[in-house]
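# Examining the three-dimensional arrangement
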Amino acid sequence: MFITKSLITTAILVGAANANLGFTGVTTCGCSPSNGPFAVAIPAALAGTHVCCNEAITLSYNGKSVTAIYSGTYDAGAGTQNVALTETAFDVLEDNSSQTSLSPVTWAFN
Ligand SMILES: *[C@@H]1O[C@H](CO)[C@@H](O)[C@H](O)[C@H]1NC(C)=O
């Protein structure tokens, strides 16, 4: 039998993450304002070789999805996959404006 192994070099899809409203606690990359208001910050450990300010991430929650630019790092604790979203991006995913954290959220680099 021929067995192949595949190497996973970057985080492709994250299982159960929270998406938090706002960039509180985020180390931003200082992206140009021309990147627009759709921004996401992810754990540094999952950033791999992705280039900050230049790559997009698609996030999904409860049947909705939004694309945001990877714009900083956000660490909610070792091993966590939680992300922080700017309000513009968060508003697309939320069920209603009373929410400040969404779970479960899946996200992946485009
Ligand atoms: C807002 O959405 C959340 C999550 O779906 C739900 O639990 C909550 O009851 C909703 N609140 C209002 C005021 O509709």
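Up top you'll find the structure we're talking about.
Heads up: these notes are all about the structure in this document. (Residues numbered from 1 in each chain as written. Predicted model: local features only at pLDDT ≥ 70, side-chain atom pairs only at ≥ 80, totals over all residues. Heavy atoms only, no water.)

Here we come to the state of the cysteines. Evaluation of the coordinates by the stated rule reveals two disulfides. At a sulfur-sulfur separation of 1.9 Å, the disulfide partner of Cys29 is Cys52. On the sign convention where negative means left-handed, the S-S torsion of about 90° between Cys29 and Cys52 marks this disulfide as right-handed. Residue Cys29 is found in the loop between strand E2 (27-28) and strand E3 (39-42), and its partner Cys52 is found in the loop between E3 and strand E4 (56-61); the two are separated by 23 residues along the sequence. Classification of Cys29 by relative accessible area gives partly exposed; the value is 35%. Each disulfide pairs two cysteine sulfurs, and for Cys31 the partner residue is Cys53, the sulfurs being separated by 2.0 Å. Its S-S torsion of about -90° marks the bond between Cys31 and Cys53 as left-handed, since a negative value means left-handed. Separated by 22 residues along the polypeptide, Cys31 in the loop between E2 and E3 and Cys53 in the loop between E3 and E4 bring together distant segments of the chain. A relative accessible area of 17% means that Cys53 is categorised as buried. Listing the disulfide partners of the chain by sequence rank of the bonded cysteines yields 1-3, 2-4. (Disulfide = S-S within 2.5 Å. Helix = DSSP H or I, 4+ residues; strand = E, 2+ residues; numbered from the N terminus. Buried < 20%, exposed > 50% of the residue type's maximum accessible area, 1.4 Å probe, protein only.)

Take the nonpolar core next. Proteins that are soluble and globular tend to have nonpolar side chains buried together. Ranked by size, the top nonpolar core spans 22 residues in total, and within it Val40, Ile42, Ile57, Leu59, Leu85 and Trp107 carry the most contacts. Elements with a contribution of two residues or more to this core: strand E1 (17-21), E3, E4, strand E5 (64-73), strand E6 (83-85), helix H1 (87-93) and strand E7 (101-109). Counting residues per element, this core draws most heavily on E7, at four residues. Not counting chain neighbours up to four residues away, the residues in contact with Val40 comprise Phe23, Ile57, Leu59, Ala68, Ile69, Tyr70, Ser71, Gly72, Val83, Ala84 and Leu85. (Core = buried A, V, L, I, M, F, W, Y, C linked by side-chain atoms within 4.5 Å. Contact = heavy atoms within 4.5 Å.)

As a structural note, the neighbourhood of the ligand is formed by Asp95, Asn96, Ser98 and Gln99. Here an oxygen atom of the ligand and a side-chain polar atom of Asp95 are 2.8 Å apart. Taking Asn96, its side chain carries an N or O atom lying 2.4 Å from an oxygen atom of the ligand. Protein burial of the ligand: of its 360 Å² of free accessible surface, 33% is covered by the chains. (Near = heavy atom within 4 Å. Polar contact = N/O pair within 3.5 Å; in protein donor to acceptor, adjacent residues only side chain to side chain. Areas by Shrake-Rupley, 256 points an atom, 1.4 Å probe, with all protein chains shown as cover.)

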